[in-house]
Amino acid sequence: MREITFAQATLEAMEEEMTRDERVFVMGEDIARQGGIFGQFKGLPQKFGLDRVKDTPISETAIVGAGVGAALGGMRPVVDMHFADFMGVAMDELFNQMAKIHFMFGGQRPVPVVVRAPDGLTNQAAAQHSQSIEAWFLHIPGLKVVIPSNPADAKGLLKSAIRDDNPVIYFEHKRLFPVKGPVPDGEVLVPIGKAAVTKPGKDITIVSYSYTMRVVMDAVSILEKDGIDPEVIDLRTISPIDKDTILNSVAKTRKLAIAHEAVKQGGVGAEIAAIVAEEGLDYLDAPVLRFGAPFTPVPFARTLEAAYRVKAEDIYSGIRALF
Amino acid sequence: MVGWDEELLCRFYRTMVTIRFFEQTVEKHFLAGEIPGFVHLYIGEEAIATGVCANLTTDDYIASTHRGHGHSIAKGADVSRMMAEIFGRKTGYCKGKGGSMHIADFSVGMLGANGVVGGSLPLATGAALAAKMLRQKRVAVAFFGDGASNRGTFHESANLASVWKLPVIFLCENNQYASTTPYRSSTSVEDIADRARGYGMPGVIVDGNDVFAVYEAAKAAVERARGGGGPSLVEAKTYRIKGHFVGDPELYRSKEEVQEIFAKTDPISRFERQVSSEGSLSREKLDSIKLEVQELIDKALAFAKESPEPDPSELFSDVYA
Ligand SMILES: Cc1ncc(C[n+]2csc(CCOP(=O)(O)OP(=O)(O)O)c2C)c(N)n1
């Protein structure tokens, strides 16, 4: 299978969906002339014109709000947030308008908007350009939230998100953009709401997503040397959460660890731990392990950022201690 | 009025009276404890929704505010389904999930009332963007208050609509108050229409209590939008006769002041004076319209009261499409 980068995979998804459906368009800051900061929109304006690949003013509220209005008017907008951190500027549009219109108006019209939000630690970008804020959106009914960890899922989830009639927030980790991986030719659709068991195993279930999947896999290779065989689940969608895949796995392995880059407090890991406590407590032979960032804003200095980051060694030693 | 089509005059009157009677009914039943939640009345501002929406077809869009009953009625929504929604009934526009602040009727281009002040502006802007991209001749109108004009949504939407030349009309209803705060103490410009200049679009001021003036001003803005000329800002000056919400103790103004102003500004009695002094519509015609509307509202009320409340299982429908 050919290998392409995560950025190229999202670009292919956009190209294919914009070709398939004329109502699909994209808008955001500096996406057309610059091709996106991470190259994720390169070439789209040449192919589809500046009418369907729109550079906007720096107006996050209007970008998301007009995206929602355009969806109500019959289009299928993809809006780019530049950095996930700036979603706060458009928060009302995200959680009071986009998420609720379908329910509040009695299901009269769907709101097919995709919000692309590059998140995560990269390049010592400090407190306002590095956050992992996916948990905010886990708490809002009406939204779907997807978060791929590799190029194939990046393509497949973006295509599914664009075709979904619901508002979908698509988090894409900035450090994944240059990462290469195998992506099948032709149609790749990854179902929203379905986690992937990326490595079967029997000794412990490790649930993760996004860039941290790579960290987890590094930890797994050390654990395997010690004769521990973890099962690894890539969530891919964090809302709705694929409870079944998690619970089935924990029933088999009887242990659970969750790892993500976002702060541990109030995070996706907390939700998964709670689900297993509620619905699968009897499966557990050990306390649930959670790996996440400390409860502090993202720091700048190299040493501090390194201390903030969840590392493979942390995951390894945390899990090793259970055996 | 001389030169005005009789059918249009009747339409103006029917719409304004429907809004007035609808709201008086809602007020009465709210005060009787039969309607839950919040209700914000539009009484005294009827000429604005009426004059604006008379320029629109059901293909055109409007996005409304927390004070949205008048906009919905003027855009052609069914008063029975509106009433049922306000009563929280299953037969309401939103199956009882929205209430007074969230009435929508997408079938007539009414994209919803909004519980968030200033929420209408980017939504209408986006609907106008869709119309432009789909090469439809539709226009979108965002209704919003003087208070909302201080929100970022106004400024961002106005700028975006202007640089993209979108077919949208920003229709500010300046009723002199944002909740308890008078216009003068919250807004930096003499007239909100002045703000249009900052965004490169025409800004006009119109007497919002005069349905003819509103109709003409909106007509020019709609024609400009439909013709590809881009957005406009129209500021309709009016006065909020009722409290901010039903039950507002109104400590910020006197009852006398309100009565005195209403005597001068009431758009419905003003319309009656205008048409009867010129003999454009007979007293009998006006009375027969009133009777017809009263029947309609009575039916709406009965429909709402007889309708069942939603089943609790409905909680889980419509969360996702
Ligand atoms: C963003 C937001 N802030 C505050 C409120 C509370 N609130 C509801 S209506 C209102 C006043 C709005 O004034 P204006 O926009 O002039 O409209 P009017 O009520 O006069 O029609 C306020 C402050 C709200 N609903 N939304």
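Residues numbered from 1 in each chain as written. Chains lettered and ligands numbered in written order. Predicted model: local features only at pLDDT ≥ 70, side-chain atom pairs only at ≥ 80, totals over all residues. Heavy atoms only, no water.

Chemist: Before we move on, could you go through the side chain of Asp-105 of chain B and cite the residues and values that matter?
Modeler: Examined against the element boundaries, Asp-105 of chain B turns out to sit in the loop between α4 (79-86) and α5 (120-133). In this structure, Asp-105 of chain B is buried with no salt-bridge partner, the nearest side chain bearing the opposite charge being Arg-81 of chain B at 5.6 Å. Within the structure, the side chain of Asp-105 of chain B is placed 2.8 Å from the side chain of Tyr-93 of chain B, a separation counted as a polar contact. Reaching out from Asp-105 of chain B, the side chain makes a polar contact with the side chain of Ser-107 of chain B at a distance of 2.5 Å. With residues near it in sequence (within four places) discarded, Asp-105 of chain B still touches Gln-108 of chain A together with Ala-77, Tyr-93 and Met-110 of chain B. (Helix = DSSP H or I, 4+ residues; strand = E, 2+ residues; numbered from the N terminus. Buried < 20%, exposed > 50% of the residue type's maximum accessible area, 1.4 Å probe, protein only. Lys, Arg positive; Asp, Glu negative; His and termini not counted. Salt bridge = Lys/Arg side-chain N within 4 Å of Asp/Glu carboxyl O. Polar contact = N/O pair within 3.5 Å; in protein donor to acceptor, adjacent residues only side chain to side chain. Contact = heavy atoms within 4.5 Å.)

Chemist: Any details on unusual backbone geometry? Residues and values, ideally.
Modeler: Residues and elements named next belong to chain A. Here the residue pair Ser-239 and Pro-240 is connected by a cis peptide bond, since its omega of 0° sits within 30 degrees of zero. Considering the arrangement of structural elements, one finds Pro-240 in the loop between β12 (237-239) and α9 (243-253). The residue Ser-210 is not glycine, and still its phi comes out positive at about 55°. Inspection of the secondary structure puts Ser-210 in the loop between β10 (204-208) and α8 (212-225). Exposure remark for Ser-210: the relative accessible area of 5% places this residue in the buried category.

Chemist: Report on the layout of surface pockets, specifying residues and quantitative values.
Modeler: Residue and element names in this part refer to chain B. In this structure, the largest pocket spans a volume of roughly 350 Å³. For the largest pocket, the lining is made up of 21 residues, of which Thr-15, Ile-73, Ala-74, Gly-76 and Ala-77 are closest to its centre. For the lining of the largest pocket, the secondary structure elements donating two or more residues are α1 (6-31), α2 (46-53), α3 (69-75) and α10 (283-306). When residues in the lining of the largest pocket are grouped by element, the largest group, 5 residues, is from α1. (1 Å grid on protein atoms, 1.4 Å probe; cavity = no way out; pocket = protein on both sides within 12 Å on 5 of 7 lines; lining within 4 Å. Points joined across faces, edges and corners; volume = space filled by probe spheres on them.)

Chemist: For the pairing of strand β6 (residues 203-207) of chain B, give the residues involved together with the corresponding values.
Modeler: Residue and element names in this part refer to chain B. By the bridge criterion, 5 bridges tie β6 to strand β7 (residues 232-237) in an arrangement that is parallel. Paired with Val-206 across the bridge in β7 is Ala-236. With respect to chirality, the unit in which β6 leads through helix α7 (residues 211-226) into the neighbouring parallel β7 is right-handed. (Pairing = 2+ DSSP bridges. Right-handed = clockwise from strand over helix to strand, strands pointing away.)

Chemist: Tell me what's going on with the pattern of salt bridges, and back it up with residues and numbers.
Modeler: Close approach of charged atoms lets side chains of opposite charge pair. As enumerated under the stated definition, the model contains 45 salt bridges over all chains in all. One salt bridge in this structure joins Arg-270 of chain B and Asp-210 of chain B, with 3.7 Å as the shortest N-O distance. With Arg-270 of chain B in helix α9 (residues 267-278) and Asp-210 of chain B in the loop between β6 and α7, this residue pair connects regions lying 60 residues apart in the sequence. The pair Arg-270 of chain B / Asp-210 of chain B is uniform in exposure class, with both members buried. In this structure, the salt-bridge partner of Lys-290 of chain B is Glu-272 of chain B, at a minimum N-O distance of 3.4 Å. Note that Lys-290 of chain B is positioned in helix α10 and Glu-272 of chain B in helix α9, a separation of 18 residues in sequence. Take Lys-290 of chain B: its relative accessible area is 26%, and that puts it in the partly exposed class. Looking at Glu-272 of chain B, the relative accessible area reads 12%, which means it is buried. A network of salt bridges, in which partner residues are shared, links Arg-2, Glu-12, Glu-16, Glu-17, Arg-20, Lys-155, Lys-159, Arg-163, Asp-185 and Glu-187 of chain A.

Chemist: Explain the packing of α8 of chain A against helix α12 (residues 312-320) of chain A to me, using residue names and the numbers behind them.
Modeler: Residues and elements named next belong to chain A. Running from N to C, α8 and α12 point in directions that differ by 50°, and their axes come no closer than 8 Å. Between α8 and α12, the crossing angle belongs to the class labelled oblique. The two elements α8 and α12 meet at a crossing, and its hand is right-handed. Along the contact surface, α8 presents Val-215, Val-216, Asp-218, Ala-219, Ile-222 and Leu-223, while α12 presents Ala-312, Ile-315, Tyr-316, Ile-319 and Arg-320. Classifying every residue of the contact of α8 with α12 gives 9 nonpolar, no polar and 2 charged. (Axes fitted to C-alpha atoms, helices over the stretch in contact; angles between N-to-C directions. Parallel < 35°, antiparallel > 145°, perpendicular 65-115°, else oblique. Left-handed = near helix turned anticlockwise from the far one by under 90°. Nonpolar A, V, L, I, M, F, W, Y, C, P; charged D, E, K, R; others polar.)

Chemist: Could you give me a rundown of the site of the ligand, with the residues and numbers involved?
Modeler: All names here are of chain B. The environment of the ligand is made up of 15 residues, and the closest members are His-66, Arg-67, Gly-147, Asn-175 and Tyr-177. Within the contact set of the ligand, an oxygen atom lies 2.8 Å away from a side-chain nitrogen or oxygen of His-66. In the environment of the ligand, an oxygen atom lies 3.0 Å from a nitrogen or oxygen atom belonging to the backbone of Ala-148. For the shell around the ligand, the class distribution of residues is 5 nonpolar, 7 polar and 3 charged. (Near = heavy atom within 4 Å.)

Chemist: So what's going on with the nonpolar core? Which residues, and what values?
Modeler: By size, the foremost hydrophobic cluster in this structure holds 155 residues, and its most contacted members are Met-87, Met-98, Phe-137 and Phe-171 of chain A together with Phe-170 and Phe-271 of chain B. Looking at this core, the element that brings in the most residues is α1 of chain B, giving 12 residues. Not counting residues within four places of it along the chain, the set of residues in contact with Met-98 of chain A comprises Val-64, Val-68, Glu-93, Val-111, Val-113, Val-115, Leu-143, Pro-167 and Ile-169 of chain A. By size, the runner-up hydrophobic cluster in this structure holds 52 residues, among which are Ile-4, Phe-6, Val-78 and Leu-176 of chain A. (Core = buried A, V, L, I, M, F, W, Y, C linked by side-chain atoms within 4.5 Å.)

Chemist: Any details on α10 of chain B? Residues and values, ideally.
Modeler: Residue and element names in this part refer to chain B. End to end, α10 covers 35 Å across 24 residues, agreeing with the expected 34 Å (1.5 Å per residue, within 8%). Taken together, the buried positions of α10 are Leu-286, Ile-289, Val-293, Ile-297, Ala-300, Leu-301 and Ala-304. Check the buried side of α10 and you find it contacts α1, α4 and α9. (Expected span 1.5 Å × (residues − 1).)

Chemist: Give a detailed account of the interface of chain A and chain B, specifying residues and quantitative values.
Modeler: If you look at the interface, chain A gives 43 residues, while chain B gives 39 residues. On the surface where chain A and chain B come into contact, there are 0 salt bridges. Elements with a contribution of two residues or more to the side of chain A that touches chain B: β2 (24-28), β3 (53-55), α3 (60-72), α4 (91-98) and α5 (101-104) of chain A. Its residues assigned to classes, the side of chain A that touches chain B comprises 16 nonpolar, 16 polar and 11 charged.

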